[in-house]
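Chains, contacts and geometry: an overview
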Amino acid sequence: MSFAFTPERKRLFKELVKRYPDKRSVTLPALHLAQEQEGYLGRETIEALARMLGSAPSTLMDTVSFYTMFTTRPRGKYLLQVCQTLACSLAGADQVVDHISKRHQIKVGETTPDGKFTLLKVECLGSCGTAPVVQINDDYYERLTLDKVDRILDKLA
Amino acid sequence: MNDFQPILTKHVGQPGSATLDYYLIHEGYQAARQAIHEMTSDAVIQVVKDSGLQGRGGAGFPTGVKWSFIPRNSRKPKYLINNADESEPGTFKDRLLINHNPHQVIEGMIIASKAIDCHLAFIYIRGEFVKEARLLETALEECRANHMLGKGIFGSNFDLDILVHRGAGAYICGEETGLIESLEGKRGWPRIKPPFPAIEGYLKSPTVVNNVETLANLPHIILNGADWFRAIGASHDSPGPKLYCLSGHVKKPGVYEAPSGIELTELIYELAGGIKDDRRLKAVIPGGSSSPVLTASEIDGLKMDYPSVKAAGSMLGSAGIMVLDETTDMVQVCYNLARFYAHESCGQCTPCREGTTWLTKILRRFTQGQGRREDLDLILEVTDNIGGLIDFSLGSYGKTICPFGEAVAWPVRAFVQKFRNEFMDYLVEDAVA
């Protein structure tokens, strides 16, 4: 399956190339654009982006593999990232993880068979004052209780 | 403290505070206009030097002095980068500033750009802050539409544009040279210094990296003057308003703005409402997870400014204050943080890459009741191999390219030294007996 940006994203990419003083600096923005479109960064996507950025696919993979937000494999429609660092841990992050895990019959790192939810434990999301926190796709859900987790997930189900 | 009025967070919670219209009717962009039209670069640098503003990202380096390292006669472009990577556990202040008053931060960037003669600046924001990145984009578009960014801003001949650049999940990109590498499209591997970014930063050009909160202070310093700023807070050497992030076992966690040098006990017991469920205090991590933990008895009378916290054997850092009550298991806390650092180590330097993993494995063993007596000394030895000897009066003797090594070595060492008895409770021989 070959990769190409949608016309709108292609326009955005070209705009970025114009605005940045060098092409390689557009790497992270381009990877975000591609992952938002495709859901993950597959081999064909990496190869196509490398051509667009004027670098080798291996060089681009060197960057991709460093960052936790980039994924080379498909994930569920909803990515549930529960923060597990200190403030969230003190506020019961483990119970949140266990609860989601039981509710959807998945372990950390797994995706539900219907492809809807992927559960991950992540390090500090920078929202320690409203712990515990889960990030679902682009949105933060803060001051979680198990009831609140159920309400949020019911809406997405 | 009683007569202190918030400065940086004055508009937090007001309807529409993130819009340009709101900002303009509240003195918005007056300082930037003044800096662009009426001040030389030297004058901007001088007033910020005189104000005593110290970088709010964690290191507390004087901002005006940092700017003055930019070579004036270099023909290369100069770059300003706003560090909005906010990823030190316990820290959540920059997100608040961006969400409620993005224009204050942008105005600060215009002033800093004038100071160092920068015409293209970046906001490097952590990738998870998607909403905040969009909000900044909107605010920047408002500025471009009103000739406050772009060609000839405010009708002057000064050009400036600002780009929002999203990170992608890496704590180390908060370190300024790791950030620059990341901005260049690479792994966020910190660089060996020198050369410092002021000489060779982004694309080998002179670069200043300033924290969001640092930049947010600038409009107020330009409008009210250096003496006004110096007079705020308990210490003439470490002045200004400061955002303190309180989390953990307090009744009212949140970001509190107070004069620099406010006592830690006042922050915990008055502003944050005291310890949750009225339990007793056990310990406080005063400046983000990298700062050595202080016991309840060590915080008596402690003033929260850079020199005072340093003198107490820790650091103000990012002012991420994590409060731990008497029920807290310090072995679990230490393990939690060690695991964070093992995950976030960029892997470039062997002592840090291997050492953080070892620490995590040893500490996990403790949490499983399998700790061995000799492990306590082993932990200290490993921290020494990562972060070097620790002597605050002499500075650090780190064995790694960037301060990440010390950032894990110092706190782990402090937990083991100050709460040794709790680690002893997890020894395997005790479990058997």
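Not measured: the values here are computed from a predicted model. (Residues numbered from 1 in each chain as written. Chains lettered and ligands numbered in written order. Predicted model: local features only at pLDDT ≥ 70, side-chain atom pairs only at ≥ 80, totals over all residues. Heavy atoms only, no water.)

Thoughts on the overall build of chain A
From N to C terminus, chain A includes seven helices and four strands. The order of α-helices and β-strands along chain A, N terminus first, is α-α-α-α-β-α-α-β-β-β-α. Projected onto its principal axes, the C-alpha positions of chain A cover 50 × 35 × 25 Å. When the 157 residues of chain A are sorted by exposure, 48% land in the buried category. Of the charged side chains in chain A, 22 are positive and 19 negative; the average position of the first set lies 4 Å away from that of the second. (Helix = DSSP H or I, 4+ residues; strand = E, 2+ residues; numbered from the N terminus. Buried < 20%, exposed > 50% of the residue type's maximum accessible area, 1.4 Å probe, protein only. Lys, Arg positive; Asp, Glu negative; His and termini not counted. Charge placed at Lys NZ, Arg CZ, Asp CG, Glu CD.)

Notes on the overall build of chain B
A count of helical and extended segments in chain B gives 18 helices and 11 strands. In terms of overall dimensions, chain B is globule-like: its C-alpha atoms have a radius of gyration of 22 Å, near the 22 Å expected for 433 residues. In terms of overall dimensions, chain B has a C-alpha envelope of 80 × 45 × 40 Å along the principal axes. Relative to its full complement of 433 residues, chain B shows a buried share of 62%. (Rg over C-alpha atoms; globule rule 2.2 N^0.38 Å.)

Section: the interface of chain A and chain B
Listed per partner, the contact involves 36 residues of chain A and 56 residues of chain B. Taken over both partners, the interface formed by chain A and chain B buries close to 3,600 Å², and the fraction arising from carbon and sulfur atoms is 57%. Applying the counting rule to chain A against chain B returns five salt bridges. Residues D138 of chain A and R134 of chain B are paired through a salt bridge, measuring 2.9 Å at the closest nitrogen-oxygen approach. At the boundary of chain A with chain B, the tally comes to 24 residue pairs in polar contact (both at pLDDT 80 or more). Taken together, the residues of the side of chain A that touches chain B sort by class into 15 nonpolar, 13 polar and eight charged. (Contact = heavy atoms within 4.5 Å. Buried area = accessible area lost by both parts, 1.4 Å probe. Salt bridge = Lys/Arg side-chain N within 4 Å of Asp/Glu carboxyl O. Polar contact = N/O pair within 3.5 Å; in protein donor to acceptor, adjacent residues only side chain to side chain. Nonpolar A, V, L, I, M, F, W, Y, C, P; charged D, E, K, R; others polar.)

Examining the side chain of T63 of chain A
By the secondary structure assignment, T63 of chain A is in helix α4 (residues 57-64). Using a relative accessible area of 1% as the deciding quantity, one classes T63 of chain A as buried. Non-local contacts of T63 of chain A, meaning those with residues more than four positions away in its chain, are made with R24, T27, L28 and L31 of chain A together with G185, K186 and R187 of chain B.

Looking at the pairing of strand β2 (residues 118-125) of chain B
All names here are of chain B. For β2, the buried fraction is high: seven of the eight residues fall into the buried class. Direction of pairing for β2 relative to strand β3 (residues 161-166): parallel, over a ladder of six bridges. For A121, the partnering residue across the bridge sits in β3 and is I162. Since β2 and β3 lie parallel, the crossover through helix α7 (residues 130-145) that links them has a hand, and here it is right-handed. (Pairing = 2+ DSSP bridges. Right-handed = clockwise from strand over helix to strand, strands pointing away.)

Considering the domain arrangement of chain A
Considered domain by domain, chain A is made up of domain 1 (7-66) and domain 2 (78-156). Computed from C-alpha coordinates alone, the two centres of domain 1 of chain A and domain 2 of chain A are separated by 29 Å. (Domains from an automatic or database assignment.)

Considerations on unusual backbone geometry
For the peptide bond that leads from A131 of chain A to P132 of chain A, omega is -10°, which places it in the cis range. Within the secondary structure, P132 of chain A is located in the loop between β2 (117-122) and β3 (134-136). Residue P194 of chain B follows K193 of chain B across a cis peptide bond; omega there is -5°. Looking at the secondary structure, you find P194 of chain B in the loop between α8 (176-183) and β4 (207-211).

Re the nonpolar core
All names here are of chain B. If you look at the biggest cluster of nonpolar residues, it comprises 162 residues, and the most contacted ones within it are Y29, W67, I110 and F415. The element that contributes the greatest number of residues to this core is helix α13 (residues 330-344), accounting for nine residues. Residues within four places of Y29 in sequence aside, it is in contact with L20, Y23, L24, H103, I106, E107, I110, C143, M148 and F154. Among the nonpolar cores identified, the runner-up in size contains 23 residues, and L246, I268, L316 and A319 belong to it. (Core = buried A, V, L, I, M, F, W, Y, C linked by side-chain atoms within 4.5 Å.)

Re the packing of aromatic side chains
Remark: the centre distance and the inter-plane angle together describe each pair of aromatic rings, the angle taken between the planes. All names here are of chain B. The final tally for this structure, using the stated rule, is 20 aromatic pairs over all chains. The interplanar angle of 45° and the centroid separation of 6.3 Å between the aromatic rings of Y29 and F154 together place this pair among those described as tilted. On the criterion of sequence distance, the pair formed by Y29 in the loop between α1 (20-24) and α2 (30-38) and F154 in the loop between α7 and β3 is long-range, its members being 125 residues apart. For the pair shown, Y29 and F154 are each scored as buried. (Phe/Tyr/Trp six-rings, centres within 6.5 Å; stacked < 30°, edge-to-face > 60°.)

Overview of helix α14 (residues 350-367) of chain B
All names here are of chain B. Taking 1.5 Å per residue as the helical rise, α14 with its 18 residues ought to reach 26 Å, and the 26 Å between its terminal C-alpha atoms agrees with that figure. Listed in full, the buried residues belonging to α14 are C352, G355, T356, L359, T360, I362, L363, F366 and T367. Where α14 is buried, its residues meet α13, α15 (373-387), α16 (404-418) and α17 (420-424). G369 sits one or two positions beyond α14 and adopts a positive phi of about 75°. (Expected span 1.5 Å × (residues − 1).)

Thoughts on the sheet that holds β4 of chain B
All names here are of chain B. Judged by pairing direction, the sheet is parallel, and its four strands sit side by side in the order β3-β2-β1-β4 without closing on themselves. Here the strands that pair on one side only, and so sit at the sheet edges, are β3 and β4. Across the sheet, the axes of successive neighbouring strands diverge by a mean angle of 20°, strand direction being ignored. The sheet contacts of α7 involve β2 and β3, and relative to β3 the element is tilted by about 170°. (Axes fitted to C-alpha atoms, helices over the stretch in contact; angles between N-to-C directions.)

Description of empty space enclosed by the protein
Here the structure, examined in full by the defined rule, presents four cavities of 30 Å³ or more. Here the largest cavity is characterised by a volume of approximately 80 Å³. Lining the largest cavity are I172, P190, S345, C346, G347, Q348, C349, C352, T400, I401, C402 and F404 of chain B. Class assignment of the residues belonging to the lining of the largest cavity gives a composition of eight nonpolar, four polar and no charged. As a volume, the second largest cavity reaches approximately 50 Å³. Lining of the second largest cavity is provided by 14 residues; of these, C83, A87, C88, C124 and C128 of chain A occupy positions nearest its centre. Broken down by class, the residue content of the lining of the second largest cavity amounts to 10 nonpolar, four polar and no charged. (1 Å grid on protein atoms, 1.4 Å probe; cavity = no way out; pocket = protein on both sides within 12 Å on 5 of 7 lines; lining within 4 Å. Points joined across faces, edges and corners; volume = space filled by probe spheres on them.)

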